[in-house]
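An overview of the molecular structure
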Amino acid sequence: MASLARSASQAVRAASRRAPHVLATVKPAQTASFSVLARASAVKAAQRSTPQGTRGVKTLDFAGTKEVVYERSDWPLAKLQDYFKNDTLALIGYGSQGHGQGLNARDNGLNVIVGVRKGGESWKQAIEDGWVPGETLFPIEEAIQKGTIIMNLLSDAAQSQTWPTIAPLITKGKTLYFSHGFSVVFKDDTHVVPPSDVDVILVAPKGSGRTVRTLFKEGRGINSSIAVWQDVSGKAKEKAIALGVAVGSGYLYETTFEKEVYSDLYGERGVLMGGIQGLFLAQYQVLRKNGHSPSEAFNETVEEATQSLYPLIGEKGMDYMFNACSTTARRGALDWAPIFEKANVPIFEQLYESVRNGTETRKSLEFNGRSTYREDLNKELEVINNQEIWRAGKVVRSLRPDYKPDSE
Ligand SMILES: NC(=O)c1ccc[n+]([C@@H]2O[C@H](COP(=O)([O-])OP(=O)(O)OC[C@H]3O[C@@H](n4cnc5c(N)ncnc54)[C@H](OP(=O)(O)O)[C@@H]3O)[C@@H](O)[C@H]2O)c1
């Protein structure tokens, strides 16, 4: 996910520069529980930010399709704090998203509490981040009882496993919040069926929780999707937008729970992670079979891609990258791109169907629901780590001018 985080950060950089957020001072009542670092960062970000970003543009033309985009500048901090003045945001789970979203909402001066398993890894992490047992940190059930907005940020498998305990505590008038459409869309497999008398909304940051936090501390904001599953109060969408801003988003794109989960599962299995590993490996293997050395095969496959060409795509698009390369490279790439497209469309169709019909969800629930899921995952990741391509990569990286020996 680190590369995902980086690309998300690059993607939002330009947009964030145009609309910096103004962080107001933090409520005095909440400063006591802040870690020194978080408070210093928030203040720093506030100092760096300038009071611009009030463009108010709502509808943007995305290559011929008009879409509504909501922006942080519509929610100055005073308005945000006033909107949630009677609410307690109960953040359930403190993994990557819990950490990023929780600290951002807290720095925004909202009333946030965390609910995690007592004594678990997340409990310890939350204490390190300044959440105080009995004040702002509680066991899951207690936090849900205290909260008015229940932000379910447990792992997707845990959301399903804990639902029978959690569901009766989500009483009329509360709001149920997710950062992925997974649990409610695939309800036949997860058995997560929200009560009919609560708003059910989604804010899904397009990147790791670490990036959600980093961009916020820099006075910028991540792109997020928002959606409404159930609108009981008539204010569900507005609440989703406000919460999106509260947890550190800069721009919010409207979608549905279904579209969010389908595109997310599809993308990570495709070019974001699974597809890219498969393509890198295939290219590397053929080079090696034809007598090329590991360093040559790695440089021509991964190093040039990640260090030189892909950043150019991120900066100004594919045509820009093509144009930055030699005429020889350009001619060949133009000829071979449609061949790769044709070969890959059937695979992507198969993948989309596997996502849509729930096959991917069932596999994920089975694997991530095992008590041994961490060990099982590590075994598979170790296989990748031991592939020649990635072992060769370690040596290539060690020759980079900015290489730090303890970073591997
Ligand atoms: N990570 C991302 O990049 C990302 C991006 C966008 C959206 N999302 C979505 O955000 C949500 C949270 O994801 P995440 O990556 O932040 O979380 P995660 O790392 O997958 O989940 C971690 C949390 O789940 C808890 N947990 C795991 N098993 C549990 C169980 N059986 N009972 C109680 N708690 C349990 C952990 O507590 P312990 O420490 O006690 O085990 C921890 O607090 C998910 O819906 C995910 O799809 C994630």
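Nothing here was measured: the structure is a model prediction, and the numbers come from that model. (Residues numbered from 1 in each chain as written. Predicted model: local features only at pLDDT ≥ 70, side-chain atom pairs only at ≥ 80, totals over all residues. Heavy atoms only, no water.)

Once that is clear, we can look at the sheet that holds strand β8 (residues 199-205). If you walk across this open sheet you meet the ten strands as β1-β2-β10-β9-β8-β7-β6-β3-β4-β5, and the pairing is mixed. A single partner strand is all that each edge strand has here, and the edge strands are β1 (59-62) and β5 (137-138). (Pairing = 2+ DSSP bridges. Helix = DSSP H or I, 4+ residues; strand = E, 2+ residues; numbered from the N terminus.)

Let us look at helix α20 (residues 388-398). Buried within α20 are the following residues: Ile389, Trp390, Ala392, Gly393 and Val396. Burial along α20 is one-sided: seen end-on, the buried residues are contained in an arc of 155°. Here the buried face of α20 lies against α14 (274-289), α15 (294-316) and α19 (373-385). (Buried < 20%, exposed > 50% of the residue type's maximum accessible area, 1.4 Å probe, protein only. Arc of directions from axis to C-beta. Contact = heavy atoms within 4.5 Å.)

Once that is clear, we can look at the pairing of strand β7 (residues 175-178). Of the two faces of β7, both are covered, the one formed by Thr175 and Tyr177 as well as the one formed by Leu176 and Phe178. Pairing geometry for strand β6 (residues 149-152) and β7, over four bridges, is parallel. Looking at the pairing, Met151 lines up with Tyr177 of β7. With respect to chirality, the unit in which β6 leads through helix α8 (residues 156-166) into the neighbouring parallel β7 is right-handed. Here β7 runs beside β8; their pairing, made up of four bridges, is parallel. Note on β8: the bridge partner recorded for Tyr177 is Ile201. (Right-handed = clockwise from strand over helix to strand, strands pointing away.)

Turning next to the site of the ligand. In the vicinity of the ligand there are 23 residues, among which Tyr94, Gln97, Arg117, Ser122 and Asp156 approach most closely. At 2.5 Å from an oxygen atom of the ligand is found a side-chain nitrogen or oxygen belonging to Ser122. Between the ligand and Gln159, the relevant distance is 3.3 Å, taken from an oxygen atom to a side-chain nitrogen or oxygen of the residue. For the shell around the ligand, the secondary structure elements donating two or more residues are α5 (96-107), α6 (121-128) and α8. In terms of residue count, α8 provides more of the shell around the ligand than any other element does, five residues in total. (Near = heavy atom within 4 Å. Polar contact = N/O pair within 3.5 Å; in protein donor to acceptor, adjacent residues only side chain to side chain.)

This brings us to the UniProt feature "binding site: Mg(2+) 2" (unreviewed entry) in the protein chain. In the numbering adopted here, UniProt assigns the feature "binding site: Mg(2+) 2" (unreviewed entry) to Asp264, Glu300 and Glu304. Looking at where Glu300 falls in the secondary structure, it is placed in helix α15. Look at Glu300 and you get partly exposed, because its relative accessible area is 47%. Residues in contact with Glu300, not counting those within four places in the same chain, are Gln283 and Leu287. Here Glu304 lies in helix α15. Those residues within four positions of Glu304 in sequence are excluded, and the remaining contacts are Asn299 and Leu309. (UniProt positions renumbered as here; feature names shortened; annotations may be inferred.)

Glancing now at helix α12 (residues 236-246). Where burial is concerned, most of α12 is hidden: nine out of the eleven residues are buried. Among all positions of α12, only Ala236, Lys239, Ala240, Ile241, Ala242, Leu243, Gly244, Val245 and Ala246 are buried.

Moving on, we come to the pattern of salt bridges. Inspection of the entire model under this criterion finds 18 salt bridges. For the salt bridge of Glu218 with Arg220, the shortest nitrogen-to-oxygen distance reads 2.1 Å. Judged by relative accessible area, which is 33%, Glu218 ranks as partly exposed. When salt bridges that share partners are traced, they join Lys206, Glu260 and Asp264 into one network. (Salt bridge = Lys/Arg side-chain N within 4 Å of Asp/Glu carboxyl O.)

Before going further, it helps to spend a moment on a nonpolar patch on the surface. A cluster of nonpolar side chains, Leu279, Trp336, Ile339 and Phe340, forms an exposed patch at the surface whose accessible area comes to about 420 Å². Here the nonpolar patch gets three residues from one element, more than from any other, and that element is helix α17 (residues 327-356). Along the polypeptide, Leu279 turns up in helix α14. You can call Leu279 partly exposed: its relative accessible area is 46%. (Patch = residues over 30% accessible without salt bridge, like charges linked within 9 Å, V, L, I, M, F, W, Y side chains within 5 Å. Areas by Shrake-Rupley, 256 points an atom, 1.4 Å probe, with all protein chains shown as cover.)

A separate point is the side chain of Asp376. The residue Asp376 is located in helix α19 in this model. Once residues within four sequence positions are removed from consideration, Asp376 is found in contact with Phe367 and Arg370.

Attention now goes to the packing of α14 against α15. Two elements in contact, α14 and α15, have axes separated by 7 Å at closest approach and are oriented at 145°. The way α14 lies across α15 gives a crossing that is right-handed. Residues Ile276, Phe280, Gln283, Tyr284, Leu287 and Arg288 of α14 form the contact with α15, whose participating residues are Pro294, Ala297, Phe298, Glu300, Thr301, Val302, Ala305 and Tyr310. Classifying every residue of the contact of α14 with α15 by side-chain character gives ten nonpolar, two polar and two charged. (Axes fitted to C-alpha atoms, helices over the stretch in contact; angles between N-to-C directions. Left-handed = near helix turned anticlockwise from the far one by under 90°. Nonpolar A, V, L, I, M, F, W, Y, C, P; charged D, E, K, R; others polar.)

In terms of strand pairing, β1 meets strand β2 (residues 65-71) through four bridges, oriented antiparallel. If you follow Asp61 over to β2, its bridge partner there is Lys66. Connecting β1 to the next strand, β2, in antiparallel fashion are two residues, including Ala63 with a positive phi near 50°. In the sheet, β2 pairs with strand β10 (residues 249-254) via three bridges, with the strands oriented antiparallel.

All right, on to unusual backbone geometry then. Backbone geometry at Ala63 places phi at a positive 50°, although glycine is not the residue there. Tracing the chain through its elements places Ala63 in the loop between β1 and β2. Residue classification places Ala63 among the exposed positions, given a relative accessible area of 85%. Here His191, not a glycine, exhibits a phi torsion of approximately 65°, which is positive. With respect to the element layout, His191 can be found in the loop between α10 (187-190) and β8. Judged by its relative accessible area of 56%, His191 falls in the exposed class.

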